[in-house]
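A structural walkthrough
Letter by letter, the chains look like this.
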Amino acid sequence: MRIPSSIFECAAWHYSVVAICRRCARETIFDPHALWWLFERKHWDGNLKSATHRFKCTKCGAGAFLTWSRSKEANTSLPMPSAADWKRAISRFRS
C-alpha cells in the first residue's frame, strides 16, 4: 500500500484528500486533482504536512489537519486541471 506525502501523490494514486477540523471535527473531502491544481496555480507547497496551514474550518474558523482516503467521495467542488496540464504533471512525476 502506498502512503502519499503530497497532494500530487494523492491525485496520481487516486486518494481523496480529507480536511478535518481540529475543534469541531467537521470533515470536508476534496477531489485530489482539483486540489492539486489549486495549489499548483497558487505556487503553494503541496506537501500534506505543510499544506495543513492553508485550511480553516468554515463553520468555527479553527485550523484543520489533512489526511487521505481511498473510499470517500469528494463533497466540494474546485476547478479541475485541463487534460494537458494533468498529463504534463504525470509525465514529470514518472520521469
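Let me begin by describing the structure that accompanies this report. (Residues numbered from 1 in each chain as written. Predicted model: local features only at pLDDT ≥ 70, side-chain atom pairs only at ≥ 80, totals over all residues. Heavy atoms only, no water.)

**Observations concerning the overall build of the protein**
To keep it simple, the criterion reads: Secondary structure is summarised from DSSP: a helix means a run of H or I of at least four residues, a strand means a run of E of at least two, and numbering begins at the N terminus for each. The globule rule is 2.2 Å times the number of residues to the power 0.38, and the radius of gyration it is compared with is taken over C-alpha atoms. Accessible area is worked out with a 1.4 Å probe on protein chains only. A residue is then buried under 20% of its type maximum, exposed over 50%, and partly exposed in between. Only the protein chains shown count as cover for residues, and all accessible areas are computed by the Shrake-Rupley method using a 1.4 Å probe. Charge counting follows a simple rule: Lys and Arg are positive, Asp and Glu are negative, and His as well as the terminal groups are ignored. Here the site of a charge means NZ on Lys, CZ on Arg, CG on Asp, or CD on Glu.
Within the protein, the regular secondary structure consists of four helices and three strands. Element order for the protein, N to C, with α for helix and β for strand: α-β-β-α-α-β-α. By the compact-globule yardstick of 12 Å for 95 residues, the protein fits well, its C-alpha radius of gyration being 13 Å. In terms of overall dimensions, the protein has C-alpha extents of about 40 × 30 × 20 Å along its principal axes. In the protein, which comprises 95 residues, the proportion classed as buried is 41%. Entry remark: accessible area of the protein is about 6000 Å², with carbon and sulfur atoms responsible for 51%. The positive charge centre, built from 16 side chains, and the negative charge centre, built from 7, are 4 Å apart in the protein.

**Description of unusual backbone geometry**
The phi dihedral of His14 is positive, around 65 degrees, even though this residue is not glycine. With respect to the helices and strands, the residue His14 is situated in the loop between α1 (7-12) and β1 (16-21). Notably, Ala25 is not glycine yet its phi reads approximately 65 degrees, a positive angle. Tracing the backbone shows Ala25 in the loop between β1 and β2 (27-30). Residue classification places Ala25 among the exposed positions, given a relative accessible area of 55%.

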